[in-house]
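Structure assessment
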Amino acid sequence: MKNKRLIYKGLAVTLLAGLSLGNVACSGSYLDEVENSGAFKTEDYFKNQQQSFSALVSVYDVLRKYSGGFENTVTFFNAGSDDFYSGGGHSNDGAGIQGINNYSLNPNTMPASYWRDYYQGIARATLLIERVPGASMDENLKKRYIAEAKVLRSLYYFELVRMFGNIPLVLKTLKYDDDYWNIPQAKPSEVYAQIESDINAAIPDLMLVATGNDKGRITQGTARAILGKIYLYDKKMPEAAAQFAEVNGTPGEASQYGYKLVKDYEDLFKVGPETSDPYKFSTESILEVMHTNKGNSDWGFWGQGKDEGNSINAMLGPRSYTLDKNFPKNDAPDLYAGWAFNTVTEDLVNFMQGDPRLKTTVFNAKQFVTEGKITYSPAYADTGYFLNKYLPTNDLKSSLPGSTELNFRQNYVAIRLADTYLMEAEALGAAGGRAQALLDAVRKRVGLSPVPVSLQAIKDERRRELAGEGHRWFDLVRWGDAPAKLAFKGFKANKNEILPIPYNELPNTAMHQNPGY
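This section reports on the structure supplied with the text. (Residues numbered from 1 in each chain as written. Predicted model: local features only at pLDDT ≥ 70, side-chain atom pairs only at ≥ 80, totals over all residues. Heavy atoms only, no water.)

When you go through the protein residue by residue, the secondary structure sums to 18 helices and eight strands. The C-alpha radius of gyration of the protein comes to 22 Å, within 12% of the 24 Å expected for a compact globule of 517 residues. Reported as C-alpha extents along the three principal axes, the dimensions of the protein are approximately 65 × 50 × 50 Å. When the 517 residues of the protein are sorted by exposure, 59% land in the buried category. Within the protein, residue pairs in contact and separated by at least 24 positions form 71% of the contacts whose partners lie at least 6 positions apart. Per element, the accessible surface of the protein, about 19,700 Å² overall, is 49% carbon and sulfur. Averaging the coordinates of the 57 positive side-chain charges in the protein and doing the same for the 60 negative ones gives two points 2 Å apart. (Helix = DSSP H or I, 4+ residues; strand = E, 2+ residues; numbered from the N terminus. Rg over C-alpha atoms; globule rule 2.2 N^0.38 Å. Buried < 20%, exposed > 50% of the residue type's maximum accessible area, 1.4 Å probe, protein only. Contact = heavy atoms within 4.5 Å. Areas by Shrake-Rupley, 256 points an atom, 1.4 Å probe, with all protein chains shown as cover. Lys, Arg positive; Asp, Glu negative; His and termini not counted. Charge placed at Lys NZ, Arg CZ, Asp CG, Glu CD.)

This part covers the pairing of strand E8 (residues 412–416). Burial analysis of E8 places five of its five residues in the buried class, the great majority of the element. Two strands pair when backbone bridges link them, and strand E3 (residues 285–289) and E8 are joined in this way by four bridges, in the antiparallel orientation. Bridge pairing in E8 places Ser 285 opposite Arg 416. (Pairing = 2+ DSSP bridges.)

If you add up the space inside the largest pocket, you get close to 920 Å³. In terms of lining residues, the largest pocket is bounded by 37 residues, among which Glu 266, Lys 359, Thr 360, Val 362 and Asn 388 are the most central. Secondary structure elements with two or more residues in the lining of the largest pocket: helix H12 (358–361), strand E5 (362–364) and helix H13 (365–370). (1 Å grid on protein atoms, 1.4 Å probe; cavity = no way out; pocket = protein on both sides within 12 Å on 5 of 7 lines; lining within 4 Å. Points joined across faces, edges and corners; volume = space filled by probe spheres on them.)

The contact between helix H15 (residues 433–445) and helix H16 (residues 455–465) brings their axes to 11 Å, and the two run at 35°. Where H15 crosses over H16, the handedness of that crossing is left-handed. Each of Leu 439, Val 442, Arg 443 and Arg 445 in H15 lies in contact with H16, whose residues at this interface are Ala 457, Glu 461 and Glu 465. Across the contact of H15 with H16, the residue classes tally to three nonpolar, no polar and four charged. (Axes fitted to C-alpha atoms, helices over the stretch in contact; angles between N-to-C directions. Left-handed = near helix turned anticlockwise from the far one by under 90°. Nonpolar A, V, L, I, M, F, W, Y, C, P; charged D, E, K, R; others polar.)

Moving on: unusual backbone geometry. A negative phi angle is the norm for most residues apart from glycine, just as the trans form is the norm for most peptide bonds. Not every positive phi belongs to a glycine, and Lys 235 is a case in point at roughly 60°. Within the secondary structure, Lys 235 sits in the loop between helix H8 (220–233) and helix H9 (237–248). Classification of Lys 235 as exposed rests on a relative accessible area of 61%. A positive phi angle, near 50°, is found at Lys 329, a position not held by glycine. Along the chain, Lys 329 falls in the loop between strand E4 (322–323) and helix H11 (346–351). The exposure class of Lys 329 is exposed, given its relative accessible area of 83%.

Further remarks concern the pattern of salt bridges. The full count for this structure, using the stated rule, is 39 salt bridges. Here Asp 82 ties to Arg 472 by a salt bridge, and the two come within 3.0 Å at their closest N and O atoms. You can see Asp 82 sitting in the loop between helix H3 (73–79) and helix H4 (95–102) and its partner Arg 472 sitting in helix H17 (residues 472–479), a full 390 residues away along the chain. The structure contains a network of salt bridges with shared partners spanning Glu 284, Asp 355, Arg 357, Lys 389, Arg 416, Arg 443, Arg 445, Glu 461, Arg 464, Glu 465 and Glu 469. (Salt bridge = Lys/Arg side-chain N within 4 Å of Asp/Glu carboxyl O.)

Below, the structure is given as structure tokens:
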């Protein structure tokens, strides 16, 4: 065969050499500092606890796909929703993010990294699951490492199945002489069954609560939240509600895992001092993606999985932003000029009028321009509104080597308690006393009065509470609301609910492109 294409990059020896199995120096919390060491030979690895831990770090690294690199999933799926436009410098600034904004994505413009990166994480997890049992280390620790890897592998498969639908399901490390190009796509039901089973099996071997340097690692609470979300998308509502109930506990109070809504909504998006940031790993954080400026990230490896900064920050900042420091009592934020992606739609601003979360969510740049406090250069799809939750401020510029844009250290919280409250309320059929209490607790935190629980009330609350955090597009698709809500962008029913498989993954494989592409 002329071109023995890999079904996915990450399962073959060529990419196994790229795992970041380097020196790990935990400073303050898990994965604060990770150095990539380059190639290694798998047959010489996994001999002891240190090597096994380094391999586990490489599995966690892929979590940064949510918020690291230009092709992070948060800004990408924000652009596909009704709450944001793509933004950016011009209509061709990033084929992928522009393509999902106007639903012109095709197999050639679909960024390959959304397929490749998650499969690379799956390959790393699978290799660890196979090899750690032979390592010289404590048996209970082996079980915990394997359990964490199984949950992460399940999470990565979940992201793939809800993005692409029918995908290859491979649960062993493939070698060069394996017939990997003839592996067929599995049905979504098969993928869901496997990952649900894997997480259920993993939960007993996980930590109950992560403390100290273990913060950021998968715990029983994290696993149950991920499993509940998977059940929700698999339409297994009783099972989803049961898992979320374990995570959530009594609405408004601390759960068995220590989760509790933070008092002030705006604290969820603050960044504190570099040495001891009190806003990282709050009581509301269930799955948090670590970012640091200590990797000294630079353009040479941006988007290669080696940069450790939060890329959302620089992507969202208004272009050529200037604060008039001579303006008396200027209350406009001192922002680092960015690239103007994810401009906020007027529809979201209007929808959130009167909501206490509006100011934390939306930065009204045009108002400050009118008042003479700032200037900026309007870019593509400019509305004058920007996503405030992740804007880059000058006080967070890194003083270490590396490009400023690539070294913002704000963590991204992929799953938080208000999210699981609302997902449980939905799984309960949006009815009953507990569903009402869950909805009430989210609203009470921001000073809002109760409203009768219903599916529409939950939909509205998710839109306001989680705006800009990368969930809206998936919510609309799950509810079946995407064709109506996204028609103005060109969304087509029975096509755009899933993405096109990147073209280069298909030649000489048994896979078929998704319908309509």
